[in-house]
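# Report on the structure
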Amino acid sequence: MLQIKNLTKIYDGGVKALDNVSFDVPDGQFLAVIGLSGSGKSTLLRCINRLIEPTSGQILWNGEDITAASQEEMRRIRRKIGMVFQHFNLVHRSKVITNVLAGRLGYVNPAWSLINRFPQEDIDKAIKQLERVGIAEKAYQRADELSGGQQQRVGIARALMQDPKMVLADEPVASLDPVLAHSIMSHLEDINKNDGVCVLCSLHFLDLVHRYADRVVALNEGKLVFEGLPTEIDDKKFKEIYGRDAERVG
Amino acid sequence: MNNKKKSSPWKSIQVGLITFLVMVIFAYGFQITKVDLEELRSENRQQSLTRVTRALAQPEIFEYDQVEEVVNFSIYVPCRPDDSGEAAPEQNTSEPYLIVTPGCAAPGEVVQVEGFNFAPYTVGPVRFIPGSDSSNVVSLGRENAETDADGHFLMSMEIPKRPSDSVQYIRATLRRNIGSPHFTQTAYDTWNKIVETVFLALLATVFGTILAIPLSFIAARNLMKTVKSPLTSIALSVLGWPIGIVIGFIVVRWVGDFSSVIGSNAWVNIASILISPALMWFGVRWALPQEEINLPSQSVRFARLGVLFMVILIGFYGLFQLASLAMSAGKTIEVPLGSFGFMGYFLFQVGDIVAIITPVLGALAAGGALSSVLGRLGQYGSEKLPASGIKVLNLILTTIAGATVFGLVGQLVEWLYQIGEPLYTLWLPMMTGAIAGLLLAFFTKPKDSLPIGMVIYSITRTFLNALRSVEALVMAIVFVIAVGIGPFAGVMALGLHTIVSLAKLYSEQVESILSGPLEAIEATGANRLQTIIYAVIPQIIPPYISYTMYRWDINVRMSTIIGFVGGGGIGFLLQQNINLLNYRAASAQMLAIAIVVATMDYISSALREKVI
Ligand SMILES: Nc1ncnc2c1ncn2[C@@H]1O[C@H](COP(=O)(O)OP(=O)(O)OP(=O)(O)O)[C@@H](O)[C@H]1O
Ligand SMILES: [Mg+2]
């Protein structure tokens, strides 16, 4: 179980990106994070694996205080948290398989990984993950030779290599077309339902939220303005989340 | 609209002012650079310009072997009273001969000189030889004769005003090229020096690049900004460097002594060189398992550390043995290899370099290792210990660290300037450092992370910028003083300049990489070094290659002129020939430089296209 308690993040420039946010995520849940652009969704997700240092508040994961972890402990926590990005964040000039193997970096002995040596089990596992997302035949191509949808699948395979207990997905489908979006989302759903991995996914489209999410939290200017089931978002709630002048589309 | 009307006279005045200023600047520039076209027009200048230009247009590269036909004709100047003035023509001979009409002449008179039976189509001077010695090398006048197809020539010359009672001579020296053209000595010298030049540039580029890469990471803001450590960790790692360096130096020297006790017998060397990597391999395999899910127990960790330490010692032992083998092998093969003896020389030098560098490497490695171990210890301590304890620890550690650093800097000053006053070069700096450390520890909260990365970044940047502004030629002068005239000084100077300028260029590339992949790799739980290897390096390979090529280009150019200040290479030869007014030889060297630079330019651009 992930518990977020009074989380606040104030950036160096003084922007309050998260304002006293608290909520819990039970194990195995698919949680959607919604909100306007700039409402703090990315900041929230990055605070959970401390790519961004929270200003105050606590994040507990299965009782362990993430916010108090030392650098060394943080590495051990991070390797159990997979992350998927809007712009995929693959290393373009590296091969697909290398990008996927990078998911093991928290596990392998640093000395060996420095000379690009991974255990054979990891290599087999990487191929298996690529098969799972359906692009095993691209394993030895350069990452930038792949289309956007394929790159995102590599990103998911990389997260899967970590044997994650939780996946943070920051607008994983925002730069893909609707058909691809469903295919990527169904991979995440597959991880969530079959592996029991907790997924926190920020999304822009409510139909995706309805289709995939178990539960929703909504942010507006850093504040938590809604927490509940996707079906509970009626017109009134919608206007609270997205502002008075917002119109529902789709 | 109003605005427009107001602004236009202002604009005109501005334009006028700027034009005026530019004119003034140029006028001043003309004056202080002494631009004087009159000088260019003067007769003297034009003549020497013509001479030099002509010499430059005829580089001294090829020459022919020549044969000479020298024939003397005896003549009285002025005529003796009994002389008829008719020379007896020696016809019916196949030897070349001269006929001068008249056969004697008054000083200043013009005579006809006719040559017969010379080789066809040859050229050469016809001169007057004063004095009665026919082998006299002193000659007057320089009229050129040119034979026709029959080996005959006819010309007139003025007899110089050298009256004498005894016989004097007119000499024709006709020369002819034989065989095919061959290279001149100048060409050979130029070739040798241009090879030296190219290798000078190569070595400087290779060493410079290797050292610039790690520096460029330290000088990259985006990588260093996130490096933060608590004070305890900083103080401990600062202390780790000098202590580690001393320990490392002593231990590796000890290994070196051990190695020389084992001996320089070639078989022992070979056996050691073969066995030590094998031992190291097994040691590393055991001590560094590829993947570990659970943390090993404390005793296993200690055992591993011990094994790793042994592996490193064995590695240094292997290096010493390798050096010893290379030196003895190099010495043995240098003579039998004949013209490939330079391979032996090279091997010997490599061995020597390895033997010298190994203790330094060991010292630096130990310094780095101890510093990072102590740093981690400090990190761990400041996370786990109570704040008050850390505060006391910090006060003690930073005081010692400050005193050490300042004391060392003081000793450096002492060594450089030989002040000889320990009060100013040791005790006072140590006091200052201790107080600075104490104050730092006093005013920082014990568990705060300090932006040590940015401090290191700023220091490195300042250092790079300062060194970069020193011209490579100036560096060469310094190194010529330090290591003597020759290509070695040139390599050092170019190498140093390459390090600092490449480190700057490289670090700018590091700063412009995409941050997304960096973030993604970090999120997998990778440590800093892994993040650099997997997210930074793939992104910077193309610009690094292209900058290295660019630098290689510059180094070739620089190495051609670094000889001007004694840094080896072709520049030395060129300067010498210019000073000796030997413009044809200088021309050959300039040609060589042009060819090499153009070729390198072509090769590097072709490679660049291929790689990127
Ligand atoms: N590195 C930063 N420094 C300063 N301010 C930042 C930084 N990153 C984000 N912000 C600010 O914090 C607020 C929240 O940003 P965040 O990226 O979390 O929003 P978001 O909900 O993910 O938006 P989007 O949907 O556009 O991705 C914004 O106002 C943004 O300008
Ligand atoms: Mg975002």
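Quick caveat: nothing in here was measured; it's all calculated off a predicted structure.

We now examine the overall build of chain B. From N to C terminus, chain B includes 18 helices and nine strands. In chain B, which comprises 612 residues, the share counted as buried stands at 38%. Accessible area of chain B: about 35700 Å², with a carbon and sulfur share of 67%.

All names here are of chain A. Spatial strand order, β2-β1-β4-β5: four strands in an open sheet with antiparallel pairing. The open sheet is flanked by β2 (16-25) and β5 (64-65), the only strands paired with a single partner. Looking at chain direction, strand β1 (residues 2-10) and strand β4 (residues 56-61) are connected through five bridges and run antiparallel. For T8, the partnering residue across the bridge sits in β4 and is S56. Running over the sheet, helix α1 (residues 41-48) touches β1, β2 and β4 and is turned about 120° from β1.

Time to look at helix α2 (residues 71-78) of chain A. M74(A), R75(A), I77(A) and R78(A) are the residues of α2(A) that are buried. For α2(A), the buried positions fall inside an angular range of 165° around the axis, keeping them on one side. Check the buried side of α2(A) and you find it contacts β4, β5 and β6 (81-84) of chain A together with α15 (515-523) and α16 (528-561) of chain B.

Turning our eyes to something else, we now look at the interface of chain B and chain A. Contacts between the two partners involve 34 residues from chain B and, on the opposite side, 40 residues from chain A. Counting each side, the surface lost to burial between chain B and chain A is near 3200 Å², with a carbon and sulfur contribution of 54%. Among the ionic pairs, E73(A) bridges to K384(B), the shortest N-O distance being 3.2 Å. Here chain B and chain A share ten residue pairs in polar contact (both at pLDDT 80 or more) between them. At the level of elements, α7 (266-287), α9 (341-384), α15 and α16 of chain B are the ones that each hand at least two residues to the side of chain B that touches chain A. Top element by residues in the side of chain B that touches chain A is α16(B). It accounts for eight residues. Looking at side-chain class alone, the side of chain B that touches chain A contains 18 nonpolar, seven polar and nine charged residues.

Before going further, it helps to spend a moment on empty space enclosed by the protein. Using the criterion set out here, one finds two cavities of 30 Å³ or more in the structure. Of the pockets and cavities examined, the second largest cavity occupies roughly 30 Å³. Forming the boundary of the second largest cavity are M83(A), F85(A), R158(A), A159(A), Q162(A), A520(B), A523(B) and T524(B). Secondary structure elements with two or more residues in the lining of the second largest cavity: α6 (148-161) of chain A together with α15 of chain B. Of the residues in the lining of the second largest cavity, the class split is five nonpolar, two polar and one charged.

Residues and elements named next belong to chain B. A sheet is described by the order of its strands in space; here three strands give the open sequence β2-β3-β6, paired in antiparallel fashion. The open sheet has two edge strands, β2 (97-101) and β6 (153-158), and neither has a second partner. Here the average twist between neighbouring strands, direction ignored, is 25°. Bridging between strand β3 (residues 110-116) and β6 involves six bridges; their strand directions are antiparallel. Each bridged residue has a counterpart across the sheet, and for E114 the counterpart in β6 is L154.

Here we take up the side chain of T232(B). Residue and element names in this part refer to chain B. By the element assignment, T232 lies in helix α6 (residues 231-262). A relative accessible area of 1% means that T232 is categorised as buried. In this structure the side chain of T232 is engaged in a polar contact, spanning 2.7 Å, whose partner is the side chain of N394. Setting aside chain neighbours within four positions, we find T232 in contact with G378, S382, I390, L393, N394 and L397.

Moving on to the domain arrangement of chain B. Partitioning chain B into domains gives domain 1 (66-181) and domain 2 (189-227 + 452-612). Between the C-alpha centres of domain 1 of chain B and domain 2 of chain B there is a distance of 63 Å.

Residues and elements named next belong to chain B. By volume, the second largest pocket amounts to about 1600 Å³. Along the walls of the second largest pocket sit 33 residues, with L203, F207, I353, F488 and V491 positioned nearest its centre. Those elements that provide at least two residues to the lining of the second largest pocket are α4 (185-218), α9 and α14 (487-511). Considering each element in turn, the lining of the second largest pocket owes the most residues, 14 residues, to α9. Considered class by class, the residues forming the lining of the second largest pocket number 28 nonpolar, four polar and one charged.

With that settled, the discussion passes to the site of ligand 1. Residue and element names in this part refer to chain A. In the vicinity of ligand 1, 13 residues are found, and the nearest of them are S37, G38, K41, S42 and T43. At a separation of 3.4 Å, a nitrogen atom of ligand 1 approaches a polar side-chain atom of Y11. One of the backbone nitrogen or oxygen atoms of S39 is found 3.2 Å away from an oxygen atom of ligand 1. The protein chains hide 60% of the 640 Å² of surface that ligand 1 would expose on its own.

Another point: helix α17 (residues 570-579) of chain B. All names here are of chain B. For α17, the set of buried residues is I570, G571, L573, L574 and N577. On an axial view of α17, the arc spanned by its buried residues comes to 160°, and they lie on one face. Where α17 ends, the next residue or the one after it, L581, has phi of about 60°, a positive value.

Parameters and conventions
Residues numbered from 1 in each chain as written. Chains lettered and ligands numbered in written order. Predicted model: local features only at pLDDT ≥ 70, side-chain atom pairs only at ≥ 80, totals over all residues. Heavy atoms only, no water. Helix = DSSP H or I, 4+ residues; strand = E, 2+ residues; numbered from the N terminus. Buried < 20%, exposed > 50% of the residue type's maximum accessible area, 1.4 Å probe, protein only. Areas by Shrake-Rupley, 256 points an atom, 1.4 Å probe, with all protein chains shown as cover. Pairing = 2+ DSSP bridges. Contact = heavy atoms within 4.5 Å. Axes fitted to C-alpha atoms, helices over the stretch in contact; angles between N-to-C directions. Arc of directions from axis to C-beta. Buried area = accessible area lost by both parts, 1.4 Å probe. Salt bridge = Lys/Arg side-chain N within 4 Å of Asp/Glu carboxyl O. Polar contact = N/O pair within 3.5 Å; in protein donor to acceptor, adjacent residues only side chain to side chain. Nonpolar A, V, L, I, M, F, W, Y, C, P; charged D, E, K, R; others polar. 1 Å grid on protein atoms, 1.4 Å probe; cavity = no way out; pocket = protein on both sides within 12 Å on 5 of 7 lines; lining within 4 Å. Points joined across faces, edges and corners; volume = space filled by probe spheres on them. Domains from an automatic or database assignment. Near = heavy atom within 4 Å.

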